[in-house]
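Here are the chains, one letter per residue:
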Amino acid sequence: MQNYAVNAKALESFTKQIFTAAGLQEKDAASVAELLVHADLRNVRSHGVLRTVPYLEKIRGGGASKSSTYPVIRETANTAVIDAQGGLGALVGEKAVQICREKAKENLISMVVVKNSNHFGMGAHWALKLAGDDMIGFACSNTDLTMGPPGAKEPFMGNNPFAFAFKAGEKYPEFCVDMATSLVAMGKCKDLAKRGKEIPSGWMLDKNGNDTTNVEDCYMMTTMAGHKGFGIALVIELFATLLSGGVLSPDINNQDLPDTPELSSQCFACFNISAFRDLTEFQRDAENYIDRLHALPMKEGMGAAKYPGEIEYGCKQINAKEGVVLPETLVDDLTKLAEELGVDAAFLKECVTDRQ
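Counting restarts for each chain, with residues numbered from 1 along the sequence as it is written. Owing to the predicted nature of the model, reporting of local features is limited to residues with pLDDT of at least 70; listing and counting of side-chain atom pairs is limited to 80 or more, with chain, interface and lining totals taken over all residues. Values shown for side chains rest on all heavy atoms present in the structure; no hydrogens or waters enter the calculation.

With that settled, the discussion passes to the overall build of the protein. Here a helix means four or more residues in a row that DSSP labels H or I, a strand means two or more in a row labelled E, and each is numbered from the N terminus. Helices and strands together make up the secondary structure of the protein, namely 10 helices and 13 strands. The size measure is the radius of gyration over C-alpha atoms, and the globule rule it meets is 2.2 Å times the number of residues to the 0.38 power. Its C-alpha radius of gyration of 20 Å places the protein within 12% of the 21 Å reference for a compact globule of 356 residues. Across its three principal axes, the protein shows a C-alpha extent of roughly 55 × 55 × 45 Å. The buried share of the protein, taken over its 356 residues, is 51%. Think of it in three bands: residues with accessible area under 20% of the maximum for their type are buried, residues over 50% are exposed, and the middle band is partly exposed, with areas taken using a 1.4 Å probe on protein chains only.

Right under this line is the structure:
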């Protein structure tokens, strides 16, 4: 199978055209495209343009509203509750970030919760936007049923993801913890299957609770760190769902249903660093801390220790210069979709690469 190295800016423009042709306003289509391509830049391919087809199916099928105004239904100086009204997670996320940062600038700490949303994409995208240069950003979401506590025969909650981010000085601008509470994201399994690669044992369970490496047989994901991952998933449910008054994971809809909104819930928060100490001093100490991490003695062949988000940030720099790597099967899917919508996709196959 061939891989294609696609210019990131061109890919973002193309993706924007796809969603504009599907009926989104240009500004909204740009937000969706930015979210998806950002994931591919960081090599979080499970949340990249791989999601274009299911997102479009959601829009076309009516499962993602094109008319929602994402109203704020409750608000204080530090908090807000938004009803996404079945709209796209990418769009309510933009509104939540804007409100959250404005409130944190004025009142130092803020939290915005969202209900009745759809898939919100890569958590790092939101945590980094919330953080900017001067804050600590946090984002999390519940998801449809994909996971149960260790030993359960039925799923009880989603593999609820969360992300924290901040700028650790000029040397390390994207310190970011971003993870699902399953051992891996389901999207990663789908991405490996799309690339014709083997899925490792221990990631998925079939209907009998047994290990499977076949995506088609997957009934549940395994939790990260056993019961600890289960506990963290429930904490995310607290922040995203119980605070927003949204639909709990056992009752939300499958995110892949094109005619039905997922009704997921999300939480976004900002912590203004200047509320606690001088920002310059904070970033100086953060840089020093990471320098000391890098200096740790390591086993032969392991390379230097890395801070959370360092690998993804490095990928982002490389992919921005050399192109985002897309597998041939995905390029074919995007090309077919573009033909249906009257969008030029010829550039997608202009450069074949051996990069993985």
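Next comes the rest of the write-up.
Expected helix span is taken as 1.5 Å per residue step, with the number of steps being one fewer than the number of residues. For helix α1 (residues 8–21), which comprises 14 residues, the first-to-last C-alpha distance of 20 Å matches the rise-based estimate of 20 Å (1.5 Å per residue) to within 8%. When we look at burial in α1, the residues that qualify are Ala8, Leu11, Phe14, Thr15, Ile18 and Phe19. Down the axis of α1, the buried set is contained in an arc of 135°. They therefore lie on one face. Any two residues whose heavy atoms approach within 4.5 Å at even a single point are treated as in contact. Close packing links the buried residues of α1 with β1 (3–6), α2 (26–41), α3 (52–61), β12 (324–327) and α10 (328–341). Under this definition, polar contacts are N or O atom pairs within 3.5 Å; protein pairs additionally need one hydrogen-donor-capable and one acceptor-capable atom, and for neighbouring residues in sequence, both atoms have to be side-chain atoms. Two or three places before Lys9, at the start of α1, stands the capping residue Asn7, its side-chain oxygen 3.0 Å from that residue's backbone nitrogen. Count one or two residues on from α1 and you reach Gly23, which has phi positive near 115°. Throughout, the arc means that of the directions going from the helix axis to the C-beta atoms.

The rule is short: rings of Phe, Tyr and Trp, with Trp giving its six-membered ring, pair when the centres are within 6.5 Å, and they are stacked under 30 degrees, edge-to-face over 60, tilted in between. Considering all chains together, one arrives at 10 aromatic pairs under this definition. Between Phe138 and Phe164, the ring centres sit 4.7 Å apart and the planes meet at 35°, which makes this aromatic pair tilted. Of this pair, Phe138 sits in strand β5 (residues 135–141) while Phe164 sits in strand β6 (residues 162–168); the two residues are 26 residues apart in sequence, bridging distant segments of the chain. For the ring pair Phe175 and Tyr307, a centre distance of 5.9 Å and an interplane angle of 10° mean the geometry is stacked. In this pair, Phe175 is assigned in strand β7 (residues 172–179) and Tyr307 in the loop between α8 (279–294) and α9 (310–322), connecting sequence segments 132 residues apart. Comparing Phe175 with Tyr307, the two get one shared label, buried. Taken together, the aromatic side chains of Phe166, Tyr172, Phe175, Phe282 and Tyr307 make up a single cluster linked through ring pairs.

In this description, strands pair whenever DSSP reports at least two bridges between them. Reading across the sheet, the seven strands line up as β2-β3-β4-β11-β5-β6-β7 and stay open at both edges, with mixed pairing between neighbours. Each edge of the open sheet is held by one strand with a lone partner, namely β2 (72–75) and β7. Ignoring which end each strand starts from, the neighbouring axes of this sheet average 15° apart. Sheet topology places β5 next to strand β11 (residues 264–272); seven bridges connect them, and they run antiparallel. Counted as the bridge partner of Phe138 is Ala269 from β11. Packing against the sheet, helix α5 (residues 123–131) makes contact with β5, β6, β7 and β11, and its axis sits at approximately 150° to β5. Note on definitions: angles span 0 to 180 degrees between N-to-C directions of axes, and those axes are lines fitted to C-alpha atoms, for helices only across the stretch in contact.

Attention shifts here to helix α4 (residues 89–107). Between its first and last C-alpha, α4 extends 26 Å over 19 residues, near the 27 Å set by a 1.5 Å rise per residue. Listed as buried for α4 are Gly89, Ala90, Leu91, Val92, Gly93, Ala96, Val97, Ile99, Cys100, Arg101, Lys103 and Ala104. Of the residues trailing α4, Leu108 is marked for its positive phi of about 80°.

Turning next to the nonpolar core. Only buried residues count toward a nonpolar core. Its members are Ala, Val, Leu, Ile, Met, Phe, Trp, Tyr and Cys residues joined through side-chain atoms within 4.5 Å. Ranked by internal contacts, the top residues of the largest apolar core, which has 54 residues, are Leu11, Phe14, Phe19, Val32, Phe268, Leu326 and Leu348. Looking at this core element by element, the count peaks at eight residues for α4. For Leu348, the residues in contact, after removing those within four places along its chain, are Tyr4, Val6, Leu11, Phe14, Leu326, Val331, Leu334 and Thr335. Counting residues in hydrophobic clusters, the runner-up holds 10 residues, among them Phe138, Ile236, Ala240 and Cys267.

Quick look at the environment of Asp28 now. Within the fold, Asp28 resides in helix α2. We classify Asp28 as buried; its relative accessible area is 18%.

Secondary-structure assignment places Val44 in the loop between α2 and α3. Between the alpha carbons of Val44 and Asp278 there is a distance of 33 Å; along the sequence they are 234 residues apart. The contacts of Val44, once residues within four sequence positions are left out, are Ala39, Met122 and Glu312.

What follows covers the sheet that holds strand β10 (residues 220–221). What the three strands build is an open sheet, ordered β9-β8-β10; its pairing is antiparallel. Looking along the sheet, the strands with just one partner apiece sit at the ends: β9 (211–212) and β10. Here strand β8 (residues 204–205) runs beside β9; their pairing, made up of two bridges, is antiparallel. In the sheet register, Leu205 faces β9, and the bridge partner there is Asp211.

Exposure above 30% relative accessible area and the absence of a salt bridge qualify a residue for a patch, where like charges join within 9 Å and nonpolar side chains (Val, Leu, Ile, Met, Phe, Trp, Tyr) within 5 Å. Here the Shrake-Rupley method, with its probe set to 1.4 Å, supplies the accessible areas, and only the displayed protein chains count as covering residues. By convention in these notes, a salt bridge is any Lys or Arg side-chain nitrogen within 4 Å of a carboxyl oxygen on Asp or Glu. Residues Val235, Leu238, Leu242 and Leu248 make up a contiguous nonpolar surface patch of about 330 Å² in total accessible area. Checked against the element boundaries, Leu248 lands in the loop between α7 (227–242) and β11.

Here we come to the packing of α3 against α10. Contact geometry for α3 and α10: axes closest at 10 Å, N-to-C directions at 35°. Viewed along their axes, α3 and α10 form a crossing whose handedness is left-handed. Seen from α3, the contacting residues are Thr52, Val53, Leu56 and Arg60; seen from α10, they are Leu334, Leu337, Glu340 and Leu341. Throughout, the ten residues Ala, Val, Leu, Ile, Met, Phe, Trp, Tyr, Cys and Pro are labelled nonpolar, Asp, Glu, Lys and Arg are labelled charged, and all others, Gly among them, are labelled polar. Considering only residue class, the contact of α3 with α10 consists of five nonpolar, one polar and two charged. Should the near helix be turned anticlockwise from the far one by less than a right angle, the crossing is termed left-handed; should it be turned clockwise, right-handed.

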